[in-house]
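Chain residues, written in single-letter form:
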Amino acid sequence: MTTHPSVHAEAVRLAAEPGFEGFGTDPWWIILIKALVIFVFLMLCVLMMIMADRKVMGRMQQRHGPNRLGPWGLLQSLADGVKLSLKEDLIPRSVDKVVYIAAPMVAAIPAFLAFSVIPVGPEVSMFGVQTRLQLTDLPVAVLLVLATASIGVYGIVLAGWASRSPYPLLGGLRASAQVISYEIAMGLSFIAVFIYSGTLSTSGIVEAQQPIWFAIILFPSFVIYLITMVGETNRLPFDLAEGEGELVGGFMTEYSSMKFTMFFLAEYVNMVTVAAMSVTLFLGGYLAPPPITTFWPGANEGWWPVLWWLAKFAAVMFLFIWLRGSLPRVRYDQLMQLGWKLLIPVQLVWITAVATIRVLRNEGYPPLVTSAVIVVFFLAVLAALLAMSRSAERRQAAEAEERARDARAVHEDPAYGGFPVPPAHAPHYGSSVPAEEPRTAPPAPSGKREEVTGA
Amino acid sequence: MELYAPIFVLGGIGAGFVVLSMVVGAIAGPKRYNRAKLQAYECGIDPTPQPVGGGRFTIKYYLTAMLFIVFDIEVIFLVPWAIHLDALGMFGLVAMLLFLVNVSIAYAYEWRRGGLEWG
């Protein structure tokens, strides 16, 4: 084999890329143990999260929540799972069978993959083998997470499309539009992190947060990530894809038994993934919170980091429930506007500011220039906010005028803009039941004029 | 490749679980035939006939999809630039700013023409 020496050198350099020494060297049984532990952890998280969801929501609404099965109702979701598997596995007649059955798999399987690059601890000794507490790490680890999230969207769209029914179709379309809109803002919120960490590997990003977490120095990115992570997982207040009040069950209306369970599972596993990503990218991953390390230097060694990771992870998961318990569902156009007209422009300005200030500092420009640039950005943001508030005022005035016009019209004609009545003679409303006789009385036979009683 | 193999192991476990539980669900549940139950759900009325092949979607969704592609490519261009920003220095910054201005012009045009209205 004749390889060009420089190509070979490049391959060696890539193989020995800094940050990846601890990965790809595990024996096969360690990989298997880690993968099984991650799988069991994900399943436990899903079961506990469903239970916690209902318990905490119950407490927020002055009631108990499930408390019958097991201590404090801990076995409730397990019982739900068993019950769901014993339900009839219904396949409606009109569906596209192959796609209908494939959709829950397409939604659920990629959801498991993303967790393989989440670091939950540094190098530890496991059964006498030195290994990282992370299944694997890639030079493109964060992109893998984004990619698996996008594949999951296919499951939702295909489920809605294959059901051949109006509610699932609308739910699937909404879900796809929402997820791709929020994925852009999510991708943009990662950029500032990449600027500071200089790597895409998740363990490298955690190590780059050694003195201070990115959630503090890149606070706007962190806030936007939290918003997009709720939008990306279709959770309240952004759960328009399955909003019960308007779309019955959204894209999973026609699913039952274990197929329905798979969508439910995928949703909760995705929540675990995005919460774990927020811990990894912004909250210092497995690193102990800074005040602890000052009086306990060993806090970041051995198995202790797992504890810090779990604490941060639980806090982010609680945030999901908290948001669900306190915020009303937004309207579809508000959701899209927030994504496209607020989050994306704010991100673009923020990334420009971060990059400019970092380059100016790296190139050794005098602090005066840097602070001048900061002031210019600050003024520009202020001006944009002012313009936005003025345009919002104008829009509100226009809406108020429109409402007043409608009110006047209703006053003059009570049937104006009334409730839409389905056409009683349209073919599909009368296919099995004969169309009702018109409710208004037929014109009276000529002759004696009937008396109008008004009753 | 050693770095990627564990992902497939986890994916295999996940796929096995998903397929197994769907098979269990299909076998364990009861089977009681009922014509009305097999209809598409529409709050009790007879389902609206759906066109074969899925019918057409509103043009709005295609517009959103096209917008997504434009911005997704932008994000992907930003990633390698962000990682090597320290090495690229002022030249990289100015180049990327010019690119961002380009995209922003298209974005502002789309906004002005009402492409971002969903009301």
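Conventions adopted
Residues numbered from 1 in each chain as written. Chains lettered and ligands numbered in written order. Predicted model: local features only at pLDDT ≥ 70, side-chain atom pairs only at ≥ 80, totals over all residues. Heavy atoms only, no water. UniProt positions renumbered as here; feature names shortened; annotations may be inferred. Helix = DSSP H or I, 4+ residues; strand = E, 2+ residues; numbered from the N terminus. 1 Å grid on protein atoms, 1.4 Å probe; cavity = no way out; pocket = protein on both sides within 12 Å on 5 of 7 lines; lining within 4 Å. Points joined across faces, edges and corners; volume = space filled by probe spheres on them. Nonpolar A, V, L, I, M, F, W, Y, C, P; charged D, E, K, R; others polar. Phe/Tyr/Trp six-rings, centres within 6.5 Å; stacked < 30°, edge-to-face > 60°. Buried < 20%, exposed > 50% of the residue type's maximum accessible area, 1.4 Å probe, protein only. Lys NZ or Arg CZ within 6 Å of the ring centre and 35° of its normal.

The name that an unreviewed UniProt entry assigns to chain B is NADH-quinone oxidoreductase subunit, with the source organism given as Marinactinospora thermotolerans DSM 45154. The heading Sequence similarities (unreviewed entry) in the UniProt record of chain B holds the text "Belongs to the complex I subunit 3 family." The annotation that UniProt attaches to chain B under Catalytic activity (unreviewed entry) is "a quinone + NADH + 5 H(+)(in) = a quinol + NAD(+) + 4 H(+)(out)".

In the nomenclature of an unreviewed UniProt entry, chain A is known as NADH-quinone oxidoreductase subunit H of Marinactinospora thermotolerans DSM 45154. Quoted straight from UniProt, the Sequence similarities (unreviewed entry) entry for chain A says "Belongs to the complex I subunit 1 family." Entered under Catalytic activity (unreviewed entry) in the UniProt record, the comment concerning chain A runs "a quinone + NADH + 5 H(+)(in) = a quinol + NAD(+) + 4 H(+)(out)".

Chemist: How should the UniProt feature "transmembrane region" (unreviewed entry) in chain B be read in this particular structure?
Modeler: Residue and element names in this part refer to chain B. The UniProt record marks residues 6–28, 61–83 and 89–109 with the feature "transmembrane region" (unreviewed entry), using the residue numbering of this structure. Helix and strand shares over residues 61–83 are 100% and 0% respectively, and the end C-alpha atoms of the span are 33 Å apart. With 100% helix and 0% strand, residues 89–109 has its two end C-alpha atoms placed 31 Å apart.

Chemist: Help me understand the layout of surface pockets, please; the structure alone is not making it clear to me.
Modeler: With a probe scaled to a water molecule rolled over the atoms, the places where space remains empty come into view. Reported here for the largest pocket is a volume of approximately 1800 Å³. If you trace the largest pocket, you find 47 residues lining it, with A:Lys341, A:Leu342, A:Pro345, A:Val346 and A:Met388 closest to the centre. Contributions of two or more residues to the lining of the largest pocket are made by helix H14 (332–362) and helix H15 (367–412) of chain A together with helix H3 (85–112) of chain B. Here the element with the most residues in the lining of the largest pocket is H14(A); it accounts for 18 residues. A per-class count over the lining of the largest pocket returns 31 nonpolar, 7 polar and 9 charged. Computed from the structure, the second largest pocket encloses a volume of approximately 960 Å³. For the lining of the second largest pocket, the elements supplying multiple residues, two or more each, are helix H2 (28–60), helix H3 (76–85) and helix H11 (257–281) of chain A together with helix H1 (5–28) of chain B. When grouped by side-chain class, the residues that make up the lining of the second largest pocket number 18 nonpolar, 7 polar and 11 charged.

Chemist: Just to check I follow, could you spell out the packing of aromatic side chains for this structure?
Modeler: The description of an aromatic ring pair rests on the distance of the ring centres and on the angle between the ring planes. Residue and element names in this part refer to chain A. Under the defined criterion, the tally for this structure stands at 23 aromatic pairs over all chains. Judged by centre distance (6.0 Å) and plane angle (55°), the rings of Phe 41 and Trp 309 are tilted. Residue Phe 41 is located in helix H2, and its partner Trp 309 is located in helix H13 (residues 304–326); the two are separated by 268 residues in the primary sequence. A relative accessible area of 22% means that Phe 41 is categorised as partly exposed. Residue Trp 309 is classed as buried on the basis of its relative accessible area of 1%. Ring plane angle 55° and centroid distance 6.3 Å describe the contact between Phe 190 and Phe 194, whose orientation is recorded as tilted. Of this pair, Phe 190 and Phe 194 both sit in helix H6 (residues 166–197), 4 residues apart, which is roughly one turn of that helix. We note that Phe 190, like Phe 194, is buried. Ring pairs connect the aromatic residues Phe 190, Phe 194, Phe 222, Tyr 225 and Phe 282, which therefore count as one cluster. Looking at Arg 358, its charged tip hangs above the ring of Tyr 196, at a distance of 4.9 Å from the centre.

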